[in-house]
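# A closer look at the structure
The lines below spell out each chain.
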Amino acid sequence: MARVTAQQRYTARRHRIAALLAVVALGAAACTSAPDRQSAPASTSAAPAKAASIAIEPASTDPVSPATPVVVRAADAALTSVTVTNTATGKQVSGRTTPDKRTWTASEPLAYGASYQVKADATTPGGTPLEQTGSVRTLQPRVQAFPSFIPAPNVSDVGVGQPLVVKFDQDVADRAAAEKALQVNANPPQPGGWYWLSKREVHYRPQNYWQPGSTVTVTAKVYGVNLGNGVYGQTDRAETLKIHDSWIAKADGKTEKLQIFHNGQLVNTMPMSLGSPGFPTHEGTHVVSDKQPSIIMDSCTYGVCKGQPGYYREQVALDERISNDGEFVHSAPWSVGQQGNSNVSHGCVNLAPADAQWFYDRFGLGDVVEITNSGGSALPIWDTYGDWAASWPQWQAGSALH
């Protein structure tokens, strides 16, 4: 056996120690790398819970339009009770709550110049009760404007030429605001627009005659609307009209004939007499605005009074007004001999009694009488229903929104 020297034993021991240190180092490296292979522990802190609350709108302390609805909203809670009370009268405002009980909205307008107390109760999901109170004030107008309708709301059936008229009993300074509050819905839809005749009167007509069988609804949602200079709308109004069959009469001053068209088809031709050269009938599209079985016609209403040449005052039958300038379609037994060959009236369309009866039985409000070759001036746009005297571009220019 070979003898191991002291130097060899020393060298071997150094090698064992180095190997042991290498193993320890590898173990240490493995331990320190473990956290890199594992996710960091999740945070155990919870997000802060939202605070339940009740909000009342409008929140402004300034007076608001009475058309502004009161709205109550609950956050992270369910509404259990909402009352909005007029402090002067004690009357409560009705309202509706959404199915999720998060929102209550007033379903009726407030009054002008009034104060309201609002009280709302709610409950959180955990059963904690909440309460909120507030107040709302509405403005007081200098004056209120009432919107009248023509045709009147008791009229439900009109002809294809019928304009829609809204007349305010106060001057409207902000016509754009008023016009935005006026709506017309036609079924089937038809293009149309508003035209301001004055500070108080605005008309609506379609681009062309209404389609027979149409249903037309006009709505004036002017309550609470600022119409300018301290004038506010007094009330909301609406009416619905049915457009009946198309009845159009065409009166030609050259032929002295009145042709009647029903839904575009010629159904009758009558001899007639228009206004004499001294009292010519207005030319253009006229619309029937009234009909009476009998009226007293007095020339003094347009300036020819008793004692003056051309004066008359007599009872006339089967009258249909086509302008406010004294023009009617009516029975004229005294001019039957001239009907069909000469114009001898004071501006009216004269018909024989039997023909006048036929006309009266079929023509009504909104039906059309188109007059040509009468020798008269054009029917003014402001004369009752002279609306059709304007071309469509001219009509559109009369809107406050164009």
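Residues numbered from 1 in each chain as written. Predicted model: local features only at pLDDT ≥ 70, side-chain atom pairs only at ≥ 80, totals over all residues. Heavy atoms only, no water.

Regarding its fold elements, the protein chain presents four helices and 27 strands. Each of the 402 residues in the protein chain was classed as buried or not, and the buried ones make up 41%. Considering only intrachain contacts with a sequence separation of at least 6, the fraction spanning at least 24 residues in the protein chain is 64%. Roughly 21,200 Å² of accessible area belongs to the protein chain as shown, and the carbon and sulfur atoms make up 53% of that amount. (Helix = DSSP H or I, 4+ residues; strand = E, 2+ residues; numbered from the N terminus. Buried < 20%, exposed > 50% of the residue type's maximum accessible area, 1.4 Å probe, protein only. Contact = heavy atoms within 4.5 Å. Areas by Shrake-Rupley, 256 points an atom, 1.4 Å probe, with all protein chains shown as cover.)

Moving on: the packing of aromatic side chains. Within the structure shown, the criterion is met by nine aromatic pairs. Between the aromatic rings of Trp-194 and Tyr-204, the centroid separation amounts to 5.1 Å while the plane-to-plane angle is 70 degrees, which identifies the pairing as edge-to-face. Here Trp-194, found in strand β13 (residues 192-196), pairs with Tyr-204, found in strand β14 (residues 201-206); they are 10 residues apart in sequence, far enough to count as distant. The class for Tyr-204 is buried, based on a relative accessible area of 8%. (Phe/Tyr/Trp six-rings, centres within 6.5 Å; stacked < 30°, edge-to-face > 60°.)

In this section: the UniProt feature "active site" (unreviewed entry) in the protein chain. Under the present numbering, the feature "active site" (unreviewed entry) in UniProt falls on His-330 and Cys-348. The largest pairwise C-alpha distance within this set of annotated residues, which runs over 19 residues, is 7.5 Å, so the set is compact in three dimensions. Positionally, His-330 belongs in strand β25 (residues 328-331). His-330 sits in the buried class, given a relative accessible area of 3%. Among all residues touching His-330, those that are not within four sequence positions of it are Met-297, Val-316, Ala-317, Leu-318, Asp-319, Cys-348, Val-349, Asn-350, Leu-351 and Ala-356. With respect to the secondary-structure elements, Cys-348 resides in the loop between β25 and β26 (349-351). Setting aside residues no more than four positions away along its own chain, Cys-348 makes contact with Ser-273, Leu-274, Gly-275, Thr-281, Gly-326, Glu-327, Phe-328 and His-330. (UniProt positions renumbered as here; feature names shortened; annotations may be inferred.)

All of the buried residues along helix α3 (residues 353-362) are Ala-356, Phe-359 and Tyr-360. Around the axis of α3, the buried residues are gathered within 100 degrees of arc, so they sit on the same side. Counted as exposed and oriented over 90 degrees from the buried face of α3: Ala-354 and Asp-361. (Arc of directions from axis to C-beta.)

In total, this model carries one disulfide according to the counting rule given. The disulfide partner of Cys-300 is Cys-305, and the gap between their sulfur atoms is 1.9 Å. Across the S-S bond linking Cys-300 and Cys-305, the dihedral sits near 80 degrees, which makes this disulfide right-handed. (Disulfide = S-S within 2.5 Å.)

Close reading of the predicted structure is inappropriate where its pLDDT is low. Per-residue confidence for the protein chain gives a mean pLDDT of 90, with 88% of residues at or over 70. Low pLDDT, under 50, characterises residues 1-44; the stretch is placed with two contacts to residues that sit more than four places away or in other chains. (pLDDT = per-residue confidence, 0-100.)

So, on to the sheet that holds strand β17 (residues 231-233). Taken in spatial order, the three strands line up as β8-β17-β16 in an open sheet, and their pairing is mixed. A strand with exactly one partner marks an edge of an open sheet, and here the two such strands are β8 (143-145) and β16 (226-228). In this sheet, neighbouring strand axes are inclined to one another by 40 degrees on average, regardless of whether the strands run parallel or antiparallel. Relative to β17, β16 runs antiparallel, the two being bridged by two bridges. By the bridge assignment, Gly-228 is partnered in β17 with Val-231. (Pairing = 2+ DSSP bridges. Axes fitted to C-alpha atoms, helices over the stretch in contact; angles between N-to-C directions.)

Here we come to the sheet that holds strand β3 (residues 78-86). Pairing is antiparallel in the open sheet, where three strands are placed in the order β3-β6-β7. Every interior strand has two partners, whereas the edge strands, β3 and β7 (129-137), have only one. Strand-to-strand twist in this sheet, taken as the mean axis angle between neighbours without regard to direction, amounts to 15 degrees. Direction of pairing for strand β6 (residues 115-123) relative to β7: antiparallel, over a ladder of nine bridges.

Now for the environment of Ala-332. Turning to its location among the elements, Ala-332 is positioned in the loop between β25 and β26. Counting along the chain gives 59 residues from Ala-332 to Ser-273, while the straight-line C-alpha distance between them is 9.2 Å. With near-sequence residues (within four places) excluded, Ala-332 lies in contact with Gln-339, Asn-350 and Leu-351.

Counting residues in each nonpolar core, the largest one holds 31 residues, and the members touching the most others are Leu-164, Phe-168, Val-184, Trp-194, Trp-210 and Leu-227. Breaking this core down by element, the ones donating at least two residues are β11 (164-168), α2 (175-180), β12 (182-187), β13, β14, β15 (215-221) and β18 (236-243). Among residues more than four places away in sequence, those in contact with Trp-210 are Gly-159, Val-160, Gln-162, Leu-164, Val-184, Ala-186, Gln-190, Tyr-204, Val-216 and Ile-243. (Core = buried A, V, L, I, M, F, W, Y, C linked by side-chain atoms within 4.5 Å.)

Let's shift gears to the environment of Asn-187. With respect to the secondary-structure elements, Asn-187 resides in strand β12. Given a relative accessible area of 55%, Asn-187 falls into the exposed group. Measuring from C-alpha to C-alpha, the distance between Asn-187 and Gln-211 comes to 9.2 Å, with 24 residues separating the pair along the chain. In this structure, Asn-187 is in contact with Ser-214 and Thr-215, ignoring residues within four places of it in sequence.

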